Amino acid sequence: MLELQPETVRAIAVPFTIRPEFEPIIVCDAGNGYPTLDISGKGHYQLLFETRYLTVDEASRLNGFDEYTSEISDSPQSAPELIRLTFIPTAEFPEPQILRAELGFNPPETLSLNPSYEEPPYRTDIPVVLSSHVTPETLEFVDIFEQTLQEFYQIERPHAQICRGSAFGNPEDPIWAEVIDIPSVFPFAISIKRDGTITLGLVAWGRFNHIHHIIWQLEHTDEAGFLWNTHDPEMIRRDAEGLQQLLLLLKEKAKIHFQPCLESDS
């Protein structure tokens, strides 16, 4: 039985494995990047995550929280949080558990992990917790997308930055991955749905780096051919023909990549 701190408002326990080639593992402050914990013991762990809100008195002792006063203390969600991680060695691979949560929290009945997916693409802008519909296959296709761009444009491999926003909303929403570093090519993005549906487009950013709206989108179906979705005809690009060829190439790769996954799901 795991022992929780009395003040904990949210507690989650998940399996965590440190393989020999991965050690040491450094746990950092995501805000400042300062290492706070160095874990070098290989093996299986049960990782206990606990969080609670700091009191006004505690926050007043921290740099950068001068604005946090008793005037807004009625809203605990506005308070800075304290996070506690406990690594518990275990011989088995324990099931994930939600041990404590805020009132109204409604998790799915089955908590899913992807233990076989050991090397996700390096994406500093992906939230720590991905929505369940963002599968390893959709993330892996971002890597295929980058390789395809390298071959298609005969350049050094570009970097596709995954946009937040619609990728983490409703289950039918796609991942959007944007590329901005292809020489002589104006930035564009790819939309990747979990069923392997691929479109190209350009997205506008809103607050907190979330997708605000889609400026244009290029789709292709066998029935209708190519379709440009845009409110402004001038947004159809000068390199439209090249993008159409690229979309067809990506669709073929998506068909090969996602088909085994879809067959196993069925």
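To be clear, the structure that these remarks concern was listed above.
What counts, and at which threshold
- In this numbering scheme, every chain counts its residues from 1 along its sequence in written order.
- Given that the model is predicted, a residue must reach a pLDDT of at least 70 before its local features are reported, and side-chain atom pairs must reach 80 or more before they are shown or counted; all residues, however, enter totals for whole chains, interfaces and linings.
- Only hydrogens and water are set aside when side-chain values are computed; all heavy atoms of the structure are taken into account.
- Each helix is a run of DSSP H or I of at least 4 residues and each strand a run of E of at least 2, with the numbering of both proceeding from the N terminus.
- For every residue, the accessible area (1.4 Å probe, protein chains only) is compared with the maximum for its type, and the residue is labelled buried under 20%, exposed over 50%, or partly exposed between those bounds.
- Note on contacts: a residue pair is in contact if any heavy atoms of the two residues lie within 4.5 Å.
- Per-residue and other accessible areas follow the Shrake-Rupley method at a 1.4 Å probe size, with only the shown protein chains counted as cover for residues.
- We call two strands paired when DSSP finds no fewer than two bridges between them.
- Simply put, an axis is a line fit to the C-alpha atoms, just over the touching stretch for a helix, and the angle between two N-to-C directions goes from 0 to 180 degrees.
- Definition used in this section: a nonpolar core is a set of buried Ala, Val, Leu, Ile, Met, Phe, Trp, Tyr and Cys residues joined via side-chain atoms within 4.5 Å.
- A side-chain nitrogen of Lys or Arg and a carboxyl oxygen of Asp or Glu constitute a salt bridge if their distance falls within 4 Å.

1. Focus: the overall build of the chain
- The secondary structure content of the chain amounts to 3 helices and 12 strands.
- A total of 266 residues make up the chain; the buried ones form 32% of that total.
- Once local pairs closer than 6 in sequence are excluded, the contacts in the chain between residues at least 24 apart make up 58%.
- Carbon and sulfur atoms make up 52% of the accessible area of the chain, which amounts to about 17,100 Å² in all.

2. Details of the sheet that holds strand S1 (residues 10–18)
- One open sheet accounts for 4 strands, arranged S5-S4-S1-S6; its pairing is antiparallel. Whereas interior strands pair on both sides, the edge strands pair on one side only; in this sheet they are strand S5 (81–89) and strand S6 (97–100). Taken over all neighbouring pairs, the strand axes of this sheet differ in orientation by 25° on average, direction set aside.
- Judged from the 9 bridges that link them, S1 and strand S4 (residues 43–53) form a sheet pairing that is antiparallel. Each residue of the ladder has a partner; that of Ala-13, found in S4, is Leu-48.

3. Regarding the environment of Arg-10
- Positionally, Arg-10 belongs in strand S1.
- The sequence separation of Arg-10 and Leu-99 amounts to 89 residues, and the corresponding C-alpha distance is 7.5 Å.
- When sequence neighbours within four positions are dropped, the list of residues in contact with Arg-10 reads Phe-49, Glu-50, Thr-51, Glu-81, Arg-100, Ala-101 and Glu-102.

4. Quick notes on the nonpolar core
- Of all hydrophobic cores here, the largest spans 28 residues; its most connected members are Phe-188, Ile-190 and Leu-200.
- Elements represented by at least two residues in this core include exactly helix H2 (136–153), strand S7 (160–163), strand S8 (175–179), strand S9 (188–192), strand S10 (198–205), strand S11 (211–221) and helix H3 (240–265).
- If one sorts the elements of this core by residue count, H3 sits on top with 7 residues.
- Apart from the residues lying within four places of it in its own chain, the contact partners of Leu-200 are Phe-188, Ala-189, Ile-190, Trp-216, Gln-217, Leu-218, Leu-243, Leu-246, Leu-247 and Leu-250.
- Judged by nonpolar contacts, the second largest core, of 6 residues, contains Ile-18, Ile-39, Tyr-45 and Leu-47.

5. Concerning the pattern of salt bridges
- Counting across every chain of the model gives 6 salt bridges.
- Residue Arg-157 is joined to Asp-143 by a salt bridge in which the shortest nitrogen-to-oxygen separation is 2.2 Å. Here Arg-157, found in the loop between H2 and S7, pairs with Asp-143, found in helix H2; they are 14 residues apart in sequence, far enough to count as distant.
- Assessed through its relative accessible area of 36%, Arg-157 is described here as partly exposed.
- Accessibility expressed as a relative area gives 28% for Asp-143, which makes it partly exposed.
- Across the salt bridge formed by Glu-252 and Lys-255, the nearest N and O atoms sit 3.5 Å from each other. Here the residue Glu-252 and the residue Lys-255 both occupy positions in helix H3, the gap between them amounting to 3 residues, near one helical turn.

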